[in-house]
Amino acid sequence: MKVERIFAAATIVVVAGTGHAHASALGPSVTPAQVTTAVNSGVQNQGNVTSYTTLPTIASVIRQTFTGTGAAGRADDGGLGIDHRGIAASADGALPMQAWAQGNGGHSQNDLATGGYSLDNYGSQVGFQVEVAPPVVLGISASWQAMKGKLNGGFTSNNSTLGLSPYIGWQFDEHWSISAIAGYNSGSTRLNNAAANDSARYSGYQWNILGEIDGSYTVGNFRLSPLFSLAHIETTSDSFTDTLGNRTPRSTTALTRGSLGGSASLPMTGWEPYLRITGEHDFEVPTGSGPNGSSGATIGGGTTITLTPAMWVTLDGGYYSLGRTGLSLWSASARIDLRF
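We now turn to the structure provided with this report. For clarity, every value in this text was computed on a predicted model and none was experimentally measured.

Cut-off values and rules
Residues numbered from 1 in each chain as written. Predicted model: local features only at pLDDT ≥ 70, side-chain atom pairs only at ≥ 80, totals over all residues. Heavy atoms only, no water. Helix = DSSP H or I, 4+ residues; strand = E, 2+ residues; numbered from the N terminus. Contact = heavy atoms within 4.5 Å. Polar contact = N/O pair within 3.5 Å; in protein donor to acceptor, adjacent residues only side chain to side chain. Phe/Tyr/Trp six-rings, centres within 6.5 Å; stacked < 30°, edge-to-face > 60°. Buried < 20%, exposed > 50% of the residue type's maximum accessible area, 1.4 Å probe, protein only. Core = buried A, V, L, I, M, F, W, Y, C linked by side-chain atoms within 4.5 Å. Expected span 1.5 Å × (residues − 1). Bend = angle between axes of the 7 residues up to and from the residue. 1 Å grid on protein atoms, 1.4 Å probe; cavity = no way out; pocket = protein on both sides within 12 Å on 5 of 7 lines; lining within 4 Å. Points joined across faces, edges and corners; volume = space filled by probe spheres on them. Nonpolar A, V, L, I, M, F, W, Y, C, P; charged D, E, K, R; others polar. Pairing = 2+ DSSP bridges.

1. Details of the environment of Asp 120
Relative to the elements of secondary structure, Asp 120 occurs in strand 4 (residues 117–133). Discounting residues that sit within four places of it in the chain, Asp 120 has contacts with Gly 106, His 107, Ala 146, Met 147 and Lys 148. Here the side chain of Asp 120 touches His 107 through a polar contact of 2.7 Å, side chain to side chain.

2. A few points about the packing of aromatic side chains
In this description, an aromatic ring pair is defined by two values, namely the gap between the centres and the angle between the planes. Under the defined criterion, the tally for this structure stands at eight aromatic pairs. Ring centres of Phe 128 and Phe 340 lie 6.2 Å apart, and the angle between their planes is 35 degrees; this geometry places the pair in the tilted category. Highlighted residues: Phe 128 in strand 4 and Phe 340 in the segment after strand 17 (327–339), separated in sequence by 212 residues. Overall, the relative accessible area of 45% leaves Phe 340 in the partly exposed class. An aromatic cluster of three or more residues is present, and its members are Tyr 184, Tyr 205 and Trp 207.

3. Observations regarding the nonpolar core
Core analysis: the largest hydrophobic core is formed by 20 residues, its most contacted members being Val 30, Val 35, Val 39, Leu 151, Phe 155, Leu 191 and Phe 240. The element contributing the most residues to this core is helix 2 (residues 32–67), with five residues. Not counting chain neighbours up to four residues away, the residues in contact with Phe 155 comprise Val 30, Gln 34, Val 35, Ala 38, Gly 149, Lys 150, Leu 191, Asn 192, Asn 193 and Asp 198. Counting 14 residues, the second largest nonpolar core, distinct from the first, contains Val 61, Trp 100, Leu 210 and Ala 231.

4. A word on helix 2
Between its first and last C-alpha atoms helix 2 spans 51 Å; for 36 residues at 1.5 Å apiece the expected length is 52 Å, and the two agree. Of all the bends found along helix 2, the most pronounced is centred on Pro 56 and spans about 40 degrees. With 29 of 36 residues buried, helix 2 is to be regarded as a mostly interior element. Gly 68, located one to two residues past helix 2, shows a positive phi value of around 85 degrees.

5. Some points on the side chain of Ser 265
In this fold, Ser 265 is placed in strand 13 (residues 251–265). Assessed through its relative accessible area of 5%, Ser 265 is described here as buried. Among the polar contacts listed, one links the side chain of Ser 265 to the side chain of Glu 272, at a separation of 2.4 Å. Non-local contacts of Ser 265, meaning those with residues more than four positions away in its chain, are made with Asn 221, Phe 222, Arg 223, Glu 272, Pro 273 and Tyr 274.

6. Concerning the environment of Ser 331
Mapped onto the elements, Ser 331 comes out in strand 17. When its relative accessible area of 13% is taken as the criterion, Ser 331 is described as buried. Put simply, Ser 331 and His 107 are 224 residues apart on the chain and 6.5 Å apart in space, counted from C-alpha to C-alpha. If we ignore the near neighbours within four places in the chain, the residues touching Ser 331 are Thr 53, Gly 105, Gly 106, Asp 316, Gly 317, Gly 318 and Tyr 320.

7. Focus on empty space enclosed by the protein
The full count for this structure, using the stated rule, is seven cavities of 30 Å³ or more. A volume near 890 Å³ is recorded for the largest cavity. If you tally residues by element for the lining of the largest cavity, the top one is helix 2, at 11 residues. Of the residues assigned to the lining of the largest cavity, the class counts are 10 nonpolar, 23 polar and nine charged. Considered as a void within the structure, the second largest cavity measures approximately 270 Å³ in volume. Around the second largest cavity, the lining comprises 28 residues; the ones closest to its centre are Gln 46, Asn 159, Thr 161, Asn 185 and Gln 206. At the level of elements, helix 2, strand 5 (136–151), strand 6 (155–170), strand 7 (176–193), strand 8 (198–215) and strand 10 (222–237) are the ones that each hand at least two residues to the lining of the second largest cavity. If one sorts the elements of the lining of the second largest cavity by residue count, helix 2 sits on top with six residues. For the lining of the second largest cavity, the class distribution of residues is seven nonpolar, 21 polar and no charged.

8. Comments concerning the pairing of strand 6
Looking at chain direction, strand 5 and strand 6 are connected through 16 bridges and run antiparallel. Its bridge partner lying in strand 6, Lys 148 is registered against Asn 158. Hairpin remark: strand 5 followed by strand 6, antiparallel, with three residues in the connecting loop; positive phi at Gly 153, about 100 degrees. By the bridge criterion, 13 bridges tie strand 6 to strand 7 in an arrangement that is antiparallel. Bridging from a neighbouring strand, Asn 159 pairs with Thr 189 of strand 7.

Right, dumping it as structure tokens:
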């Protein structure tokens, strides 16, 4: 009888372990739903980095090109002024060109009980553009972005993404310009849950597009720069199976965001400090981010500093989750532009 009781107990243990949750000898079980939630959290953050860092950086370069901020300023004061309107041909008649590079870093905190995360973001971006006609700019940007940190459910995430974004800008009026940016990003993410002795690696890619209309008006000593933009970011995560045998299927989700706002700056000799604020509404939100809300605002500021007639630096920092329930996003960046 004793042997039979032991056999029955062992049978119960075996049967109990044949469900969809996979138990680790070193810790608690991990379910497919938990893994999927962790993936969705990472996708949400990737969308935030794209919409608040990668795409706005290119839009900022185009705006500065047309408004004359930085080294494209007045020639009569050595390029230190910043009230010149539009783009100008180079002295030797060649097409004006510009190269730029930026470094950025920030933090994303989502306090949702399900799908929450705490992630550090950092990366770099470079670009090159040419003014093919007095009111038209063509360019291309390459970026590398990374994130690492904790996801709710005991997971940690480490992601690295490379991207390429061609862009075009057109100054169709003395005070107004329009720009279009397209992009493709590809990367991989490693998930780890030490408590459950579980890990996985999966790849993913992202398509994005941004259209923006920008204005620039001088009111007294200030420059007012209104903007309206519409961005669509679609992210796909490939299927994978973790080390415990949980299979997560391929999934695609998207963010469609409209933004309205602008900045106010004070042009001075050699530099131009500014404050910016933008309201936004999400017509489509990534899977799992609905509880954060579909409307919010961003606020930030910085300055552009002219170093030489052909080189200037832009410093910027901002908070990107005003009005977003349980969400705290901020980042800072430094960019250098060289015109030749």
